[in-house]
Amino acid sequence: MTDQTPGPRPLFIAGAVRDATSGETFETRNPFTGAVIATVQAAAAADVDAAVAAATEGQRAWAAMSGTARGRVLSRAADLIRARRDEIARLESLDGGKPIQETPEADVDSGADCLAYFAALAPTIGGEHQTLGEGGDAPWFYTRREPLGVVGGIGAWNYPFQIACWKTAPALAAGNAMVFKPAEQTPLSAAILAEVLTEAGVPSGVFNVVQGDARVGRMLTTHPGIAKISFTGEIDTGKAVMADSASTLKTLTLELGGKSPLLVFEDADLDDAVSAAMLANFYTQGQICTNGTRVFVRDTVIDAFLARLLPRAEAMTLGDPLDPATQMGPLITPEHQRSVLARIARARADGATLLTGGRAPDHPALAGKPFVLPTVFRADDDGLPLCRQEIFGPVMTVLSFADEDEAIARANALPVGLAGGVMTRDMTRAHRVAARLEAGVVWINTYNITPVEMPFGGIKQSGMGRENGRAALEHVTRIKSVYVEPGHVEAPY
Ligand code: NAP
């Protein structure tokens, strides 16, 4: 990191680093070594008030700029991120335990691409116009697509830099300001985003970082000066965020958890299907919201599918996230490792068949570190907690099905609907299944690819609103309708 500030890491408010007034600090650790990477200052309510006040003021100046001018600044920020690609990727691997194989592209490029994408869209944000009748004296209306004001962003720990960029880029492109709270486990990269946005020319107060735990999150969700909350995290936290936001009737984008299905039909290329299933379960140690953790495989090919899958899962390289050969790093914390292992133990006790993994690796170099081997279960009962609850670790469950209707019904049976996938060479079936899956995102013949051009988000209890794509702009703006009467007012009295 280039942040040279001695002592605990400060907040970022009104265009500059600022010490928190709480006197409280917390530590962030390297998940691989367990060592403390940094101590971070936690915000007090007065600091959040200061951030919101700075954002309110900064937003006015920012929104007064043309979309083209805002886009120019955001585009510069994208370039600055690319210039610091290695540094940011390394920090994300250190703070989050993600393999350095992943972070340059999945975290840094994705963040930069998002800023560049919304930089290009910023000049296009506008309303519509319609006349209400014929002739020059007909009334007409137009709409203005206006920013909401101050957006509160609350991030999860699995993609800290990417989440910060995905929330900030559309919000700022549309003329909003942002007060962002990263997750406590991964607080560091938000400071780099603050640095690059400032260097790129974002005015003071338009992007602020407040650090801390759920208490600081709640300071945002209950703050009367914040118009919208954009939240990424667990479903239950999302419900609490929604309830708190109701007190001031904020609008919401909620990016929550899932238990997504991946359907493998008998005509699928089985090697591709295995690749998709592995991407859907083992990337980022399985700590991805969209993961296809329920892999439904047609009964006629399930044995062949497993015969290809298991050796590939067992061949994965676990190790130091900073080693370029590492394909899977540690889970985020020892507590999370214990939670994942407890769910695995419960699944075994419930009668699911463990086919591989299911424990920490016994390699001496990884002893005592929060790793979990790539794990594959076979199960017959969709009602098991294994098949219903998000585990957020490298745990895949393979289930067999006999026909398409049955697979769809089982895929759609849960109250969540973030994502889904279908593997088949039959394109008619692929699109039919995609249409029938109750999910916000469906992949045909691949999994977990999230280009910034494509709207991203869930349905049912997996959330609301969208990030990325043009659709994201609808969720960071509001419409004002302006009716224009060129003639006289017709009053009945
Ligand atoms: P989490 O425990 O719900 O925390 C998410 C964020 O909310 C953190 O910054 C957390 O602060 C904060 N927070 C906790 N309680 C709060 C409250 N009552 N009010 C306001 N903020 C509060 O989630 P996580 O463990 O960090 O992330 C894993 C979850 O995120 C998984 O369920 C995963 O599926 C989901 N996720 C979804 C997406 C998506 O796009 N749909 C993407 C990534 C992750 P602390 O840091 O102090 O806990």
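Definitions and cut-offs
- Residues numbered from 1 in each chain as written.
- Predicted model: local features only at pLDDT ≥ 70, side-chain atom pairs only at ≥ 80, totals over all residues.
- Heavy atoms only, no water.
- Helix = DSSP H or I, 4+ residues; strand = E, 2+ residues; numbered from the N terminus.
- Rg over C-alpha atoms; globule rule 2.2 N^0.38 Å.
- Buried < 20%, exposed > 50% of the residue type's maximum accessible area, 1.4 Å probe, protein only.
- Contact = heavy atoms within 4.5 Å.
- Lys, Arg positive; Asp, Glu negative; His and termini not counted.
- Charge placed at Lys NZ, Arg CZ, Asp CG, Glu CD.
- Pairing = 2+ DSSP bridges.
- Polar contact = N/O pair within 3.5 Å; in protein donor to acceptor, adjacent residues only side chain to side chain.
- UniProt positions renumbered as here; feature names shortened; annotations may be inferred.
- Salt bridge = Lys/Arg side-chain N within 4 Å of Asp/Glu carboxyl O.
- Near = heavy atom within 4 Å.
- Areas by Shrake-Rupley, 256 points an atom, 1.4 Å probe, with all protein chains shown as cover.
- Phe/Tyr/Trp six-rings, centres within 6.5 Å; stacked < 30°, edge-to-face > 60°.
- Lys NZ or Arg CZ within 6 Å of the ring centre and 35° of its normal.
- Axes fitted to C-alpha atoms, helices over the stretch in contact; angles between N-to-C directions.

Attention now moves to the overall build of the protein. For the protein, the helix and strand inventory stands at 15 helices and 22 strands. Over its C-alpha atoms the protein spans a radius of gyration of 24 Å, differing by no more than 12% from the 23 Å that the globule rule assigns to 493 residues. Within the protein, buried positions represent 56% of all 493 residues. In the protein, of all internal contacts separated by at least 6 residues, the share reaching a separation of at least 24 is 72%. In the protein, which carries 44 positive and 57 negative side-chain charges, the distance between the mean positions of the two groups comes to 2 Å.

A few words on the pairing of strand S13 (residues 294-298). Note on strand geometry: in a regular strand, side chains alternate between the two faces of the sheet. Burial within S13 is extensive, with five of its five residues counted as buried. Both faces of S13 are covered, namely the face carrying Arg294, Phe296 and Arg298 and the face carrying Val295 and Val297. Summarising the sheet, strand S12 (residues 261-264) and S13 pair through four bridges and their orientation is parallel. Note on S13: the bridge partner recorded for Pro261 is Arg294. Here S13 pairs with strand S16 (residues 395-401) via five bridges, running parallel. By the bridge assignment for S16, Val295 is matched with Val398.

On the secondary structure map, Arg298 appears in strand S13. Within the structure, the side chain of Arg298 is placed 3.0 Å from the backbone oxygen of Ala402, a separation counted as a polar contact. The contacts of Arg298, once residues within four sequence positions are left out, are Val264, Phe265, Glu266, Phe401 and Ala402.

It is worth spelling out the side chain of Thr290 at this point. Along the chain, Thr290 falls in the loop between helix H9 (270-282) and S13. Side-chain polar atoms of Thr290 contact the side chain of Asn448, separated by 2.6 Å. Apart from residues no more than four positions distant in its own chain, Thr290 is found in contact with Ser260, Leu418, Ala419, Trp443, Tyr447, Asn448 and Phe456.

Attention shifts here to the UniProt feature "domain: Aldehyde dehydrogenase" (unreviewed entry) in the protein. Feature annotation in UniProt places "domain: Aldehyde dehydrogenase" (unreviewed entry) on residues 20-482, given in this structure's numbering. Secondary structure across residues 20-482 divides into 39% helix and 19% strand, with the first and last C-alpha atoms of the span separated by 43 Å.

Moving on to the pattern of salt bridges. All chains considered together, the criterion is met by 30 salt bridges. Its salt-bridge partner being Asp362, residue Arg359 comes within 3.0 Å of it at the nearest N-O pair. What makes Arg359 partly exposed here is its relative accessible area of 40%. In the salt-bridge network here, residues are joined through shared partners; they are Glu266, Asp267, Arg298, Asp299 and Arg429.

The subject of this paragraph is the site of the ligand. Around the ligand there are 29 residues in total, and Gly155, Glu184, Thr237, Leu256 and Glu390 lie nearest to it. A distance of 2.8 Å is found between a nitrogen atom of the ligand and a backbone nitrogen or oxygen belonging to Leu256. Side-chain polar atom of Glu390 to an oxygen atom of the ligand: 2.6 Å apart, as the coordinates give it. Here the ligand, which alone exposes 910 Å², has 90% of that area covered by the protein.

Across all of its chains, the model carries seven aromatic pairs by this definition. Seen in terms of ring centroids, Phe32 and Phe371 are 6.1 Å apart; in terms of plane orientation they differ by 90°. Their pairing is edge-to-face. Placement of the pair is Phe32 in the loop between strand S3 (25-29) and strand S4 (36-41) and Phe371 in the loop between strand S14 (353-356) and strand S15 (375-378), with a sequence separation of 339 residues. Their ring planes at 85° and their centres at 5.0 Å tell us that Tyr117 and Phe118 sit as a pair that is edge-to-face. No difference in accessibility class separates Tyr117 from Phe118, as the two residues are buried. Across from the ring centre of Tyr159, 3.1 Å away, lies the NZ or CZ of Lys98, which sits over that ring. Over the aromatic face of Phe32 sits the side chain of Lys369, whose NZ or CZ is 4.6 Å from the ring centroid.

Attention shifts here to the sheet that holds strand S5 (residues 129-131). Taken together, the three strands give an open sheet; going across it, the order is S5-S6-S22, and neighbouring strands pair in antiparallel fashion. Each of the sheet's edge strands pairs with one partner strand only, and the pair in question is S5 and strand S22 (477-484). Within the sheet, the average angular offset between the axes of one strand and its neighbour, ignoring direction, is 20°. Strand direction decides the pairing type here: S5 and strand S6 (residues 140-147), joined by three bridges, are antiparallel. The partner of Gln130 across the bridge, within S6, is Phe141.

Across the seven residues that make up S16, a large majority, six, are buried. Sheet topology note: the S15/S16 ladder contains four bridges and is parallel. When the bridges of S16 are listed, Val376 appears paired with Met396.

On to the UniProt feature "active site" (unreviewed entry) in the protein. Here, the residues flagged by UniProt with the feature "active site" (unreviewed entry) are Glu255. Structurally, Glu255 is set in strand S11 (residues 251-255). Sequence-distant contacts of Glu255, defined by excluding residues within four places in its chain, comprise Lys167, Phe231, Thr232, Gly233, Phe456, Gly457, Gly458, Ser462, Gly465, Arg466 and Glu467.

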